[in-house]
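Descriptive structure summary
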Amino acid sequence: MKEEEKIFKGILFCPGDPELRAIKLRSHKLSAQYSRTAEDDTELRQSLAQLILKEFGEGSFMQGPVFFHYGKHTRIGKRCFFNYNLTIQDDAPVTIGDDNNFGPNVTIVTPIHPMLPDERRILLDKDGNPRHLCYAKPVVIGNDCWFGANVVVCPGVTIGDGCVIGAGSVVTRDIPPMSFAAGSPCKVIRKITEADSMRNKPEILADNQIPSGQQ
């Protein structure tokens, strides 16, 4: 079994495997190239995003700089916005839905290393060869979410549709849909309801309007 297949099965794999190193090097180079582009260089950015990622939906925008570990293990939906310094360590698959907004310095990680120091340094493969091994868990983010600055999403987490994740949160567990969650570790503070509508904040809404039929 190839090391990339082991990643998808959720079992120990060797990140130093030559094939994996080649995938990562390609993604790192393309990420660096994207990060050097100007935000109005839209055609080049779009072509680079398509090369880096498994899927990059129509209307999505990454401010840059960006860093993708594998790149091809990440799917991004339509009309998403990612502010400065997006980092996605996508050993395992990362799936991001439509209409999401990410503040600066959001990080998504999927790999997990052994807890015991000796096992972090070395384990033995099936043939008894010493290897540096880890494993990884997928991350899934639904639609219409807002992530504040400096949010970290940890391996294996699923975040439901319509969530708001407060700045500086470290998300270690699943967050149900339509939740406001924050903290380290991140916890659900309350449900998001009609009471949160801007129509209930006329001093902020000012002379703007909520579209007819919305909410």
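One can find the structure itself at the top, above this paragraph.
Residues numbered from 1 in each chain as written. Predicted model: local features only at pLDDT ≥ 70, side-chain atom pairs only at ≥ 80, totals over all residues. Heavy atoms only, no water.

Things to note about the overall build of the protein
The line we're drawing: Secondary structure follows DSSP: runs of H or I at least 4 residues long count as helices, runs of E at least 2 residues long count as strands, and numbering of each begins at the N terminus. Partly exposed residues are those whose accessible area sits between 20% and 50% of the maximum for their type, while under 20% is buried and over 50% is exposed, using a 1.4 Å probe and protein chains only. Two residues qualify as a contact provided that any one of their heavy atoms is within 4.5 Å of a heavy atom in the partner residue. Each accessible area is a Shrake-Rupley result for a 1.4 Å probe, and residues are judged covered by the shown protein chains and nothing else.
A tally of helices and strands in the protein yields five helices and 21 strands. Taken along the three principal axes of its C-alpha coordinates, the protein extends 70 × 40 × 25 Å. Every one of the 215 residues in the protein was classed for burial, and the buried ones make up 40%. Nonlocal contacts in the protein, meaning residues at least 24 apart in sequence, comprise 27% of its contacts between residues at least 6 apart. For the protein, the exposed surface amounts to about 11800 Å²; the carbon and sulfur share of it is 54%.

Observations regarding the sheet that holds strand 20 (residues 179–182)
Where we set the bar: Any two strands between which DSSP finds at least two bridges are classified as paired.
Taken in spatial order, the seven strands of this open sheet run 2-5-8-15-18-20-21, and their pairing is mixed. Sheet topology places strand 2 (61–62) and strand 21 (187–191) at the edges, where each strand pairs with a single neighbour. Where strand 2 lies against strand 5 (residues 81–82), two bridges are found, and the strand directions are parallel. By the bridge assignment, phenylalanine 61 is partnered in strand 5 with phenylalanine 81.

Observations regarding the packing of aromatic side chains
For clarity, the cut-off: Stacked, tilted and edge-to-face pairs are distinguished by plane angle, under 30 degrees for stacked and over 60 for edge-to-face with tilted covering the rest, among Phe, Tyr and Trp rings (Trp via its six-membered ring) whose centres lie within 6.5 Å.
Evaluated as defined, the whole model comprises three aromatic pairs. With 5.9 Å between their ring centres and 10° between their planes, phenylalanine 61 and phenylalanine 81 make a pair best called stacked. Taken together, the positions of phenylalanine 61 in strand 2 and phenylalanine 81 in strand 5 put the pair 20 residues apart, joining distant regions of the chain. By relative accessible area, which is 27% here, phenylalanine 81 ends up partly exposed. Measuring from centroid to centroid gives 4.5 Å for phenylalanine 102 and phenylalanine 147, while their planes differ by 20°, and the two rings are stacked. With a gap of 45 residues between them, phenylalanine 102 in strand 8 (residues 101–102) and phenylalanine 147 in strand 15 (residues 146–147) connect regions that are remote in the sequence.

Quick look at the nonpolar core
As a rule of thumb, nonpolar side chains are buried together in soluble globular proteins. We count it as follows: Among buried residues, those of type Ala, Val, Leu, Ile, Met, Phe, Trp, Tyr and Cys that are joined through side-chain atoms within 4.5 Å constitute a nonpolar core.
Residues Met62, Ile96, Phe147, Ile159 and Ile165 are the most contacted members of the largest nonpolar core, which totals 34 residues. For this core, the secondary-structure elements that each account for two or more residues are helix 2 (18–35), helix 3 (42–52), strand 3 (66–68), strand 6 (86–89), strand 7 (94–96) and strand 14 (139–141). Per-element tally for this core: the top contributor is helix 3, with three residues. In this structure methionine 62 touches Tyr34, Arg45, Ala49, Leu53, Phe56, Phe68, Ile76, Phe82 and Leu86, once residues within four positions along its chain are discounted. Core analysis: the second largest hydrophobic core is formed by eight residues, Ile7, Ile23, Ala92 and Cys134 among them.

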